[in-house]
Amino acid sequence: MGEPITFSDLNINKPLFNALEDMKFVYPTAIQQQVFSVVMSGKDVIGIAQTGTGKTLAYLLPCLRQWQFTKEKHPTILIMVPTRELVVQVEEELNKLAAYMSVRVAGVFGGVNLKQHTALVQEGVDVVIATPGRLMDLVLNGSLKLKNIKKLVIDEVDELLNLGFRPQLLSIFDLLPERRQNIMFSATLSTEVEELITTYFNEPIRVEATPIGTPHARIAQTHIKAHNFLTKISLLEKLLLAHPEMTKVLVFADSRAKADIIFERAEQTFGDEIGVIHSNKAQNTRFATVERFKRNELRILVATDVIARGIDVTDVSHVINVDVPENPELYTHRIGRTGRADKDGTAITFVASYEEEDFQKIQDFMSMEVPEVPMPEGVEVTDIMIADERPVVSMPNMEKKNPVKIESGGAFHEKKLKNLKVNMKLSRGDKMKLKYGKPKKRRNN
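Peer 1: Sorry, what's going on with the overall build of the chain here?
Peer 2: Tallying secondary structure elements over the chain gives 16 helices and 13 strands in all. Looking at the chain alone, contacts between residues at least 24 apart form 75% of all its contacts between residues at least 6 apart. If you sum the accessible surface of the chain, you get close to 24100 Å²; carbon and sulfur atoms cover 49% of it.

Written as structure tokens, this is what we have:
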């Protein structure tokens, strides 16, 4: 076996190579190595890669390598991502890579005053990183034009579609110049994703670093059967108290309400060691919480799936799925948050009886069985169920009876003579009677 390929073996210029040295990057990952030459060829690219494979650098590196200085005010590279957290993450990586280049970068997303982003892009920008909604805001107010885009990158396209951004994506495609290079990254290739590729891509080359559904080799997976959601919280607390080796734990919940319940209950035991992030939390709060998790100031971070897309932490020791995701691909996304950067990781999933079918689908998807471990002693088991777990009571289908239409008669009182729509001429005396209630007589002087 020959020597492993390093970044110095790729066609990388001096400014980028210096930046990679500063970042302590020597060896490209599989997806970085494979995508680099394809993007450099100018062909459309479909990258299929799981979380933690280094795909952000995989598209940033060749895009910056081919970027050329221009005095144009409007961008030549457009990168679209599903969440504001991912905008910030990509912008940070890009700024590190472009440390020795004069690239103007703008990261824009919802939740920030539009005037602020309008002023930012009007100063002139080379690379825009955006969520689709905010991008359309800037296009519609005339501050940003897409006529110069040479490279379009869509990251986490499966999640973009899951979040309902399809209409914005289609509108953006229609505004882009026909002569451009399309680069798309996705963990899965759903029917919707395939439709986008067929419609807007030109004979793309597919690069698959890891086959879809392949579990991460360095992640030890187990599952524990738990009675219900509140029992799962007791189980979570028991594991965290009994295992100090759980040093940096990412806990997944499938809704904001459940994430809050987990946090509120566990905070009573773990205090300042635990934090929570989801879309109902203020943007600055989310950023600050993630930073605390990165700096090891938090031992436990509770998160929902959408928000967790923007978390880039390399040393997560454990991922705990309090809920079983309905989508098997989402499971691989979750557990991919541990076992990164050549480190071992552990993923534990709590499975209630009503989730066993979904968990079996996950195992079938990965073509493996996830071992079961017994419930630890001392876990408080309860029969109390939260609203999401209670069975839905279906009401009997009561057949609606059409109301019987009753012919309406005339008004219950006769109309005043003056309101009658009859062509009749009134004498002066009748008019006086209507006006004053009695006939008025002329006075004889």
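Peer 1: Looking at this structure, I do not really get the packing of aromatic side chains. What am I missing?
Peer 2: For any pair of aromatic rings, the description consists of the separation of the ring centres together with the inter-plane angle of the planes. Applying the stated rule across the entire model yields three aromatic pairs. Here Tyr59 and Phe185 contribute two aromatic rings whose centre-to-centre distance is 5.5 Å and whose plane-to-plane angle is 45°, an arrangement assigned as tilted. Here Phe185 lies in strand S6 (residues 181–186) and Tyr59 lies in helix H3 (residues 55–66), a separation of 126 residues in the sequence. Grouping residues by exposure puts Tyr59 and Phe185 together as buried. With centroids separated by 6.4 Å and ring planes inclined at 80°, the aromatic side chains of Tyr331 and Phe359 adopt a geometry described as edge-to-face. With Tyr331 in helix H14 (residues 328–335) and Phe359 in helix H15 (residues 356–366), this pair connects stretches of sequence that are 28 residues apart. We classify Tyr331 as buried; its relative accessible area is 0%. A relative accessible area of 3% means that Phe359 is categorised as buried. Stacked on the ring of Phe293, the Lys or Arg Lys248 has its end atom at 5.5 Å from the ring centre.

Peer 1: Honestly, the layout of surface pockets in this entry has me stumped. Any pointers?
Peer 2: Any space left empty among the atoms is revealed by the rolling of a water-sized probe across them. Its volume calculated, the second largest pocket comes out at about 550 Å³. For the second largest pocket, the lining is made up of 25 residues, of which Asp254, Pro325, Glu326, Asn327 and Leu330 are closest to its centre. Elements represented by at least two residues in the lining of the second largest pocket include exactly helix H7 (157–162), helix H13 (305–308) and H14. Top contributing element to the lining of the second largest pocket by residue count: H7, with four residues. Considered class by class, the residues forming the lining of the second largest pocket number six nonpolar, five polar and 14 charged.

Peer 1: Help me understand the nonpolar core, please; the structure alone is not making it clear to me.
Peer 2: Looking at soluble globular proteins, one finds that nonpolar side chains tend to be buried together. Ranked by size, the top nonpolar core spans 42 residues in total, and within it Ile79, Leu94 and Leu97 carry the most contacts. Within the residue set of this core, elements represented by two or more residues are helix H1 (14–22), helix H2 (30–40), H3, strand S2 (77–80), helix H4 (84–97), strand S4 (127–130) and S6. Looking at this core, the element that brings in the most residues is H3, giving seven residues. The residues touching Leu94, leaving out its near neighbours within four places in the chain, are Leu60, Leu64, Ile79, Val105, Val127 and Ile129. Grouped together as the second largest cluster of nonpolar side chains are 32 residues, Ile48, Val108, Val128 and Leu169 included.

Peer 1: Quick question: what am I supposed to make of the sheet that holds S6 here?
Peer 2: Through backbone hydrogen bonds, the strands of a sheet pair up, either in parallel or in antiparallel fashion. Strand order across the open sheet formed by seven strands is S3-S4-S2-S5-S6-S1-S7, with parallel pairing between neighbours. The open sheet has two edge strands with one neighbour each: strand S3 (105–108) and strand S7 (205–208). If you compare each strand with its neighbour and ignore which way they point, the axes differ by 15° on average. Direction of pairing for strand S1 (residues 45–48) relative to S6: parallel, over a ladder of four bridges.

Peer 1: Sorry, what's going on with the packing of helix H6 (residues 132–140) against helix H8 (residues 166–175) here?
Peer 2: How two helices sit against one another is set out by the angle between their axes and by the gap between those axes. Relative to each other, H6 and H8 sit at 45°, their axes nearing to 10 Å. Taken as axis vectors, H6 and H8 run oblique relative to one another. When the axes of H6 and H8 are compared, the crossing they make is left-handed. Here H6 contributes Pro132, Leu135, Met136 and Val139 to the contact with H8, which in turn contributes Gln168, Ser171, Ile172 and Leu175. Residues belonging to the contact of H6 with H8 are distributed by class as follows: six nonpolar, two polar and no charged.

Peer 1: Teacher, can you tell me more about the pattern of salt bridges here?
Peer 2: Between side chains of opposite charge, pairing is possible as soon as their charged atoms come close. According to the stated counting rule, one finds 18 salt bridges in the structure shown. The partner of Asp344 in a salt bridge is Arg218, and the shortest N-O contact between them spans 3.2 Å. Here Asp344, found in the loop between H14 and strand S13 (345–351), pairs with Arg218, found in the loop between S7 and strand S8 (219–225); they are 126 residues apart in sequence, far enough to count as distant. Put simply, Asp323 and Lys258 hold a salt bridge, and the shortest N to O gap is 3.2 Å.

Peer 1: Hey, could you run me through H14 in this one?
Peer 2: Residues spaced three or four apart along an α-helix point in a common direction, a consequence of the helix completing one turn every 3.6 residues. With seven of eight residues buried, H14 lies mostly within the body of the structure. Listing the buried residues of H14 in full gives Pro328, Leu330, Tyr331, Thr332, His333, Arg334 and Ile335.

Peer 1: Sorry, what's going on with unusual backbone geometry here?
Peer 2: Glycine aside, residues mostly have negative phi, and peptide bonds are mostly found in the trans state. A positive phi angle, close to 45°, is found at Glu203, a residue other than glycine. By secondary structure assignment, the location of Glu203 is in the loop between helix H9 (191–200) and S7. Phi angles above zero are rare outside glycine, and Ser367 is one such case at about 55°. Residue position: Ser367 is located in the loop between H15 and helix H16 (428–436). Relative accessible area serves as the criterion here: at 67%, Ser367 is assigned to the exposed category.

Calculation criteria
Residues numbered from 1 in each chain as written. Predicted model: local features only at pLDDT ≥ 70, side-chain atom pairs only at ≥ 80, totals over all residues. Heavy atoms only, no water. Helix = DSSP H or I, 4+ residues; strand = E, 2+ residues; numbered from the N terminus. Contact = heavy atoms within 4.5 Å. Areas by Shrake-Rupley, 256 points an atom, 1.4 Å probe, with all protein chains shown as cover. Phe/Tyr/Trp six-rings, centres within 6.5 Å; stacked < 30°, edge-to-face > 60°. Buried < 20%, exposed > 50% of the residue type's maximum accessible area, 1.4 Å probe, protein only. Lys NZ or Arg CZ within 6 Å of the ring centre and 35° of its normal. 1 Å grid on protein atoms, 1.4 Å probe; cavity = no way out; pocket = protein on both sides within 12 Å on 5 of 7 lines; lining within 4 Å. Points joined across faces, edges and corners; volume = space filled by probe spheres on them. Nonpolar A, V, L, I, M, F, W, Y, C, P; charged D, E, K, R; others polar. Core = buried A, V, L, I, M, F, W, Y, C linked by side-chain atoms within 4.5 Å. Pairing = 2+ DSSP bridges. Axes fitted to C-alpha atoms, helices over the stretch in contact; angles between N-to-C directions. Parallel < 35°, antiparallel > 145°, perpendicular 65-115°, else oblique. Left-handed = near helix turned anticlockwise from the far one by under 90°. Salt bridge = Lys/Arg side-chain N within 4 Å of Asp/Glu carboxyl O.

On their own, these measurements won't tell you what the molecule is for.
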